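A structural walkthrough
So the chains spell out like this:
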Amino acid sequence: MHDHDHDHGHDHDHDGHHHPRPASDIELRARALEALLVEKGLVSSDAIDAVIDRYVNDVGPQNGARVVARAWTDPAYRDRLLSDATSAIGELGYAGDEGHTMVVVENAPDVHNVIVCTLCSCYPWPVLGLPPTWYKSAPYRARVVAEPRAVLQEFGVEVPETTEIRVWDSTAEVRYLVLPMRPEGTEGLAEEELAELVSRDSMIGTGLPQTPAAR
Amino acid sequence: MDGAHDLGGMQGFGPATWPGAEQALPNDWDARAFALAVTSSSQSTHAFRHTIERMGHARYLCVSYYEKWLHEAEQALVETGAITHAEVDAWVDRIAAGEQPPRREDPVATAQLLEAMATSHPMPPAAAAAFAVGDRVRVRRMRPAWHTRCPRYLRGATGEIFRIQGDDGVPDVNNAEREAVYAVRFEAHDLWGEDTGDHVVLADLWERYLEAA
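Going along each chain's sequence as written, the residues are numbered from 1 onward. In the order they appear in the text, chains get letters beginning with A and ligands get numbers beginning with 1. Predicted model: local features are reported for residues with pLDDT of at least 70 only, side-chain atom pairs are reported and counted for 80 or more only, and whole-chain, interface and lining totals are derived from all residues. Side-chain calculation: all heavy atoms of the structure are included, whereas hydrogens and water are not.

**Overview of the sheet that holds strand β3 (residues 164-169) of chain A**
The strands making up a sheet associate through hydrogen bonds between their backbones, and the pairing can be parallel or antiparallel. When DSSP locates at least two bridges between a pair of strands, those strands are taken to pair. Each helix is a run of DSSP H or I of at least 4 residues and each strand a run of E of at least 2, with the numbering of both proceeding from the N terminus. Read from one edge of the open sheet, 7 strands run β2(A)-β3(A)-β4(B)-β3(B)-β2(B)-β1(B)-β5(B), paired in mixed fashion. On the outer flanks of this sheet lie β2 (111-116) of chain A together with β5 (210-212) of chain B, each paired with one strand and no other. The mean angle between the axes of side-by-side strands here comes to 35 degrees, regardless of whether they run parallel or antiparallel. In the sheet, strand β3 (residues 178-187) of chain B pairs with strand β4 (residues 200-206) of chain B via 7 bridges, with the strands oriented antiparallel. Its bridge partner being in β4 of chain B, Ala183 of chain B is matched across the sheet by Asp204 of chain B. Helix axes use the C-alpha atoms of the stretch in contact, all axes being lines fitted to C-alpha atoms, and the angles between their N-to-C directions lie in the range 0 to 180 degrees.

This is how it looks when you write it as C-alpha cells:
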C-alpha cells in the first residue's frame, strides 16, 4: 500500500465517473484544474500561494512544541490546557481550521495516548500542521486501533506492559494533541530549550520527546 | 456509506511507516492540490469527505492522499455545474503543449480567507444529552445511505461514556440537525475478542449512533 508512485490506468469505471489519467499525469491535472479555476474566477492564484505558505512555513509542530513546553514549565497553564485546550492553545495564538475544538490528553507513567483518524485524516492543523504521509495512509489507520503496541514498536516506542494505551479515534470534529511526559534531566532547561525536545510524533503518541543527552 | 475509507481493524496493509513517509507534502503538486481543494470547496466538511468516499473503492486504496483531494476539488465543481471534466482535459493539453497557466490576484478575498482559516469556532456545550458520563452504551447496527462518522469496527460494541464533547451538526444529515457528541471508551477485547491486548479505544460518536446498554 505504501508504493504510491505506481501507475494504475483507469479512465472510466463502473460508476460512470470520469477518472483522471494515470497517476504519472496527476501533477499535470493539478496544474490544469488550477488554471481552469483561475480562468473562471473560482479561485485566485494569491489565495493558493498564501494557503501553501501558511501550512509550509507558519503552521507546524513547532507550534505544538511551544504548547507542550509551556505546559511543562507553567502548572497553571497545564491545568488550563487540560480543562479547555481550545482556549489555552488560543492564548499562544494558534487557532483555526482542523483545530476548532481541541482536547489535550496527558501521558503519565500509567497512561500512553495515541491519536488516529481511521475514517480519513483528521489531525490538529493549528498545532501540528499537515499530517505526515503515514498518518493518512491505510496501514496506520487500519492497525493502530487493533494492535497499538505492534504499531508503536515499528516507530521505536516501547510502552511498558503496565501502562494503559489509549487510542483516540478522531471520528468527530474534536482534534487531539498528546501532552507527552517531560523527559528526565531537563530540570534546568528554559521553555525554549524544552520546546526543541518535543518532536511531532511525541504529540501524536507514536514517539517520545528527545532527552537532552540524545541531542 | 460503508466504503474503503473505513479502515479501522483491517489487516494486510503492511508496515505502519516506511522511509519517506514522515513528509506531509512529498511533491510540489501535493501542496497545490491541497490548497486548491481548500480554496475551491464550498461543500460542508461532511460533503467534502463523501465526495472522496464516492471516488471508487479500488482507486481510493491506490492513489496518493492529495490525489483524493484533487478529485474532490474537480468532482464537486463538476457536480454543481461550475466546470466540466472536458474543460480540465483541455487545460491538460494546453499546459502539456507549453502554454503558461493564467494568474489572478484577489488580495481582499485572500486576506479574508486567511483570517477565516485562523479563527476557531469551538463546539458549543451539549444542549441536551441523553447519556451521562459513566453510562454503558452500545453502538447501533446500521447501513448508512450517505456519509457517516460511525466506523464499522465499533458497531454492535458496548462501551462507556467517557466525556460529553459538545453539540455538533450530524454528519449523516449534512448538518441539518444537531445533537450531543460523546467520547466513548471501548475495551480492546470488546472490539477484537480475547487475546487482542489490553488497550482501550476512544471514539467521538453522535448520540444517534448509540443506545443504552
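**Regarding the domain arrangement of chain B**
Quoted interface sizes are often the accessible area lost when the parts come together. Residues and elements named next belong to chain B. By the assigned domains, chain B splits into domain 1 (30-118) and domain 2 (136-212). The split of the chain into domains comes from an automatic or database domain assignment. For domain 1 versus domain 2, the separation of C-alpha centres amounts to 31 Å. One side-chain nitrogen of Lys or Arg within 4 Å of one carboxyl oxygen of Asp or Glu is enough to make a salt bridge. The interface formed by domain 1 and domain 2 contains 0 salt bridges. Think of a polar contact as two N or O atoms within 3.5 Å of one another; within protein, one of them needs to be a possible hydrogen donor and the other a possible acceptor, and neighboring residues in sequence only count if both atoms come from side chains. At the boundary of domain 1 and domain 2, one finds 3 residue pairs in polar contact (both at pLDDT 80 or more). Its residues placed into classes, the side of domain 1 that touches domain 2 shows 1 nonpolar, 3 polar and 2 charged. Under this grouping Gly is polar, as are all residues other than the nonpolar Ala, Val, Leu, Ile, Met, Phe, Trp, Tyr, Cys and Pro and the charged Asp, Glu, Lys and Arg.

**Focus on the layout of surface pockets**
Two kinds of site are reported from a 1 Å grid over the protein atoms alone, namely cavities, where a 1.4 Å probe fits but cannot get out, and pockets, open sets with protein on both sides within 12 Å along at least five of seven lines, and residues are called lining when an atom falls within 4 Å of a point. Grid points are joined across faces, edges and corners, and a volume is the space filled by probe spheres set on the points. The volume enclosed by the largest pocket comes to roughly 990 Å³. As for the largest pocket, its lining consists of 43 residues, and the residues nearest its centre are Glu98 and Glu173 of chain A together with Ser44, Thr45 and Arg49 of chain B. Only α1 (28-40), α2 (45-53), α4 (65-80), α6 (107-117) and β2 (158-169) of chain B provide two or more residues apiece to the lining of the largest pocket. Take the lining of the largest pocket: its biggest share by element is 6 residues, from α2 of chain B. The class makeup of the residues in the lining of the largest pocket is 18 nonpolar, 15 polar and 10 charged. Residues lining the lining of the largest pocket come from more than one domain, with at least three contributed by each of domain 1 (30-118) and domain 2 (136-212) of chain B.

**Regarding the packing of α1 of chain B against α4 of chain B**
Residue and element names in this part refer to chain B. Where α1 meets α4, the closest approach of the two axes is 8 Å, and the angle between their N-to-C directions is 35 degrees. Note on packing geometry: the crossing formed by α1 with α4 is left-handed. Contact residues: α1 offers Trp29, Asp30, Ala33, Phe34, Leu36, Ala37, Val38 and Ser40, while α4 offers Tyr66, Glu67, Trp69, Leu70, Glu72, Ala73 and Leu77. The class makeup of the residues in the contact of α1 with α4 is 11 nonpolar, 1 polar and 3 charged. Note: crossing handedness is left-handed where the near helix turns anticlockwise from the far helix by less than a right angle, and right-handed where it turns clockwise. It only takes one pair of heavy atoms within 4.5 Å for two residues to be counted as in contact.

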